[in-house]
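# Examining the three-dimensional arrangement
Here's the letter readout for the chains.
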Amino acid sequence: MLNVTLKQLALALAQKRISSVELTQLHLERVARIDPVLNAFITIDRERSLAQAQAADALIAAGKAQPLTGVPVAVKDIFCAQGWLTTCGSKMLANFVSPYDAHVVGRLNAAGAVILGKTNMDEFAMGSSSETSFRGPVKNPWDPARVPGGSSGGSAAAVAARMAPAAIGTDTGGSIRQPAALCGICGIKPTYGVVSRYGMIAFASSLDQGGPIAKCAEDLALLLNAMAGFDARDSTSLDRPGEDYTRALEQPLAGLRIGVPKEYFGAGLGADVAAAIETALAQYEKLGAKRIAISLPNSGLSVPAYYVIAPAEASSNLSRYDGVRYGYRAPQYTDLVDLYCKSRAQGFGAEVKRRILIGTYVLSHGYYDAYYLKAQKIRRLIAQDFVKAYEQCDLIMGPTAPSVAFAVGEKAFDPVQMYLNDIYTVAANLAGLPAMSIPCGFGEGGMPVGLHVIGNYFSEAKMLNAAHQYQRATDWHTRAPREFA
Amino acid sequence: MSLSLQEVKRVAWLARIEITDAEAEAAQGHLNGIFKLIEQMQSVDTEGVAPMAHAQDVVQRLREDVVTESDQRAAFQAIAPQVEGGLYLVPQVIE
């Protein structure tokens, strides 16, 4: 039951070969046994999960099952779930039991899924290693001395270690895709506006998107079907006709034009990663795709622009944490302003404070034009590069991350070194484009390598098709770390 | 762009985050490293380029001016640090 697809799980449940309660118990037992090493979960609530599983079993018995009914799903602790502790990896919310469900959590519940637990993450989603959580770092199941990537490291580790058959995460600069790559599994960030941000604790509102993390493209499609769709409570949610993201999975790839940007293969890319990507691209050509050399000239400005825009929006979003209505309040303070200053100083970790300071500075009087506005203009140039590129190709491919997973603590002391991990992923967030990572091989130390796929706006079905056909012809996505297979 | 210790403290004040001298010094080093990264933005000419705030060409959605929410004050205030009579308690501001 641990190395099957969601479709196979649904069949097993329908045929009563296993019940949702048994399936949930199986995964809860694995969490109890494995998670002390990996630290992928912040909160487990056995009773709550099993109650949901029982309800799912009733639906299945009544013939009312949907594709995800009875399936345990791990939920990144950035999603508010009613009655669940929702910490966002931060001391600031260490006591926050959410009084409401995020839209996406509501959709999973309505689909009959079972919330397996809340997963660990970089504090307030700010990080690329899942080391900054107030609950300690998450470890990579392939090598617990290494990071799983971030900020959705807990969700990725849970799936890779087979503690959960599926998970959901969020992606602001690569936080679904990079952990998926470093953990040898699949993750997709949809087009901006496709998945509602209601109840998804805000980091950078023009960049944040929720998305699924799973073992294969077909699973991503089923999860995206449950997660996507208009929500009036998110003012940036797009009102579009519903889509079935599984509809194009079986289409042959003959004639698919794959754009490969020359800028993605320059200095800084590990030779081991480059080799695995090259092999993947050759495989795509064997499947009938055509490889086209393209250029995204403003690529080099993605990281600088991102590290202006994201902190700026974060400084605004995190101003709500003031110790007044919820969350951490300092035990001692002299007056109201001191209440704010001490609560925020004590409640936030170092990286979060750094980003708030950067954001506050770039938005402040006298600097707004030179930094924030400038970054928004560069954002336009980056988006325009993609528009031009999609005149010549259907999908853009390259590496998801410049290296395989690095050691815990290796980059924790130099913020800029950590930020450079996002070099390939942030452009898709800036432009609002859908982007995905799927496993395509192994690199240094036997660690997984991820293939990054960027699609044009609303092309998720085509991206998942390309991934699915690749996964029919290869087996990277079936590999699991030996201890957890 | 390089921040002085004074500016770090000023920004911390704007962000309402208390910062000790030692923390300000540590932050200064990190922040200046990040500013060096950001400076790369100045290498490109963006004259005449419109800033981009949103991926899609959309406008703020409007809705009918009718009540759609229900009173959940009790649930929302159950998790507050200090409430009384439906009000959030904070240190006195006005004498």
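No experiment lies behind these values; they were computed from the predicted model shown. (Residues numbered from 1 in each chain as written. Chains lettered and ligands numbered in written order. Predicted model: local features only at pLDDT ≥ 70, side-chain atom pairs only at ≥ 80, totals over all residues.)

This part takes up the overall build of chain A. Of regular secondary structure, chain A possesses 15 helices and eleven strands. Here the C-alpha atoms of chain A give a radius of gyration of 21 Å, agreeing with the 23 Å that 2.2 N^0.38 yields for 485 residues. In terms of overall dimensions, chain A has C-alpha extents of about 65 × 55 × 45 Å along its principal axes. (Helix = DSSP H or I, 4+ residues; strand = E, 2+ residues; numbered from the N terminus. Rg over C-alpha atoms; globule rule 2.2 N^0.38 Å.)

Right, let's talk about the interface of chain B and chain A for a bit. One frequent convention defines the size of an interface as the accessible area lost when the parts assemble. In this complex, chain B contributes 39 residues to the contact, which on the side of chain A involves 53 residues. Those elements that provide at least two residues to the side of chain B that touches chain A are α1 (5-14), α2 (21-38) and α3 (73-77) of chain B. Element by element, the count of residues in the side of chain B that touches chain A is highest for α2 of chain B, at seven residues. Residue composition of the side of chain B that touches chain A, grouped by class: 28 nonpolar, eight polar and three charged. (Contact = placed C-beta atoms within 7 Å. Nonpolar A, V, L, I, M, F, W, Y, C, P; charged D, E, K, R; others polar.)

Residues and elements named next belong to chain A. Strand order in the open sheet formed by eleven strands is β1-β3-β2-β4-β6-β5-β10-β11-β9-β7-β8, with mixed pairing between adjacent strands. Only two strands of the sheet have a single partner each, and these edge strands are β1 (41-43) and β8 (290-294). Across this sheet, the average inter-strand angle for adjacent strands is 35°, counted without regard to direction. Across two bridges, strand β7 (residues 257-261) lies against strand β9 (residues 395-399) in parallel orientation. Within the sheet, the bridge partner assigned to G259 lies in β9 and is I396. (Pairing = 2+ DSSP bridges. Axes fitted to C-alpha atoms, helices over the stretch in contact; angles between N-to-C directions.)

Moving on, we get to the environment of I60 of chain A. Residue and element names in this part refer to chain A. Position of I60 relative to the elements: it lies in helix α3 (residues 46-61). Between the alpha carbons of I60 and G323 there is a distance of 44 Å; along the sequence they are 263 residues apart. Setting aside chain neighbours within four positions, we find I60 in contact with L13, A14, S20, A65, T69 and G70.

This part covers the environment of T279 of chain A. Within the secondary structure layout, T279 of chain A lies in helix α8 (residues 271-286). Here the alpha-carbon distance between T279 of chain A and W84 of chain A, two residues 195 residues apart in the chain, equals 44 Å.

Now for helix α1 (residues 6-14) of chain A. Residue and element names in this part refer to chain A. Within α1, the full set of buried residues consists of L6, L9, A10 and L13. Buried residues along α1 cover an arc of 100° about the axis, so they all sit on one side. Check the buried side of α1 and you find it contacts α2 (20-38), α3, β4 (166-171) and α7 (217-227). (Buried ≥ 20, exposed ≤ 12 C-beta atoms within 10 Å, placed from the backbone. Arc of directions from axis to C-beta.)

Any region with low pLDDT has predicted coordinates that should not be read closely. In the predicted model, chain B carries a mean pLDDT of 92, and 99% of its residues have values of at least 70. The ipTM, which scores confidence in the relative placement of chains, is 0.95 for this predicted complex, and the corresponding pTM is 0.97. (pLDDT = per-residue confidence, 0-100.)

To characterise two packed helices, one gives the angle between the axes of the helices and the distance between these axes. All names here are of chain B. Following both chains from N to C, one finds α1 and α2 inclined at 100°, their axes separated by 9 Å at the closest point. Regarding the angle of α1 to α2, the classification is roughly perpendicular. Judged by residue contacts, L5, V8, K9 and A12 of α1 engage A24, E25, A27, Q28 and L31 from α2. Its residues placed into classes, the contact of α1 with α2 shows six nonpolar, one polar and two charged. (Parallel < 35°, antiparallel > 145°, perpendicular 65-115°, else oblique.)

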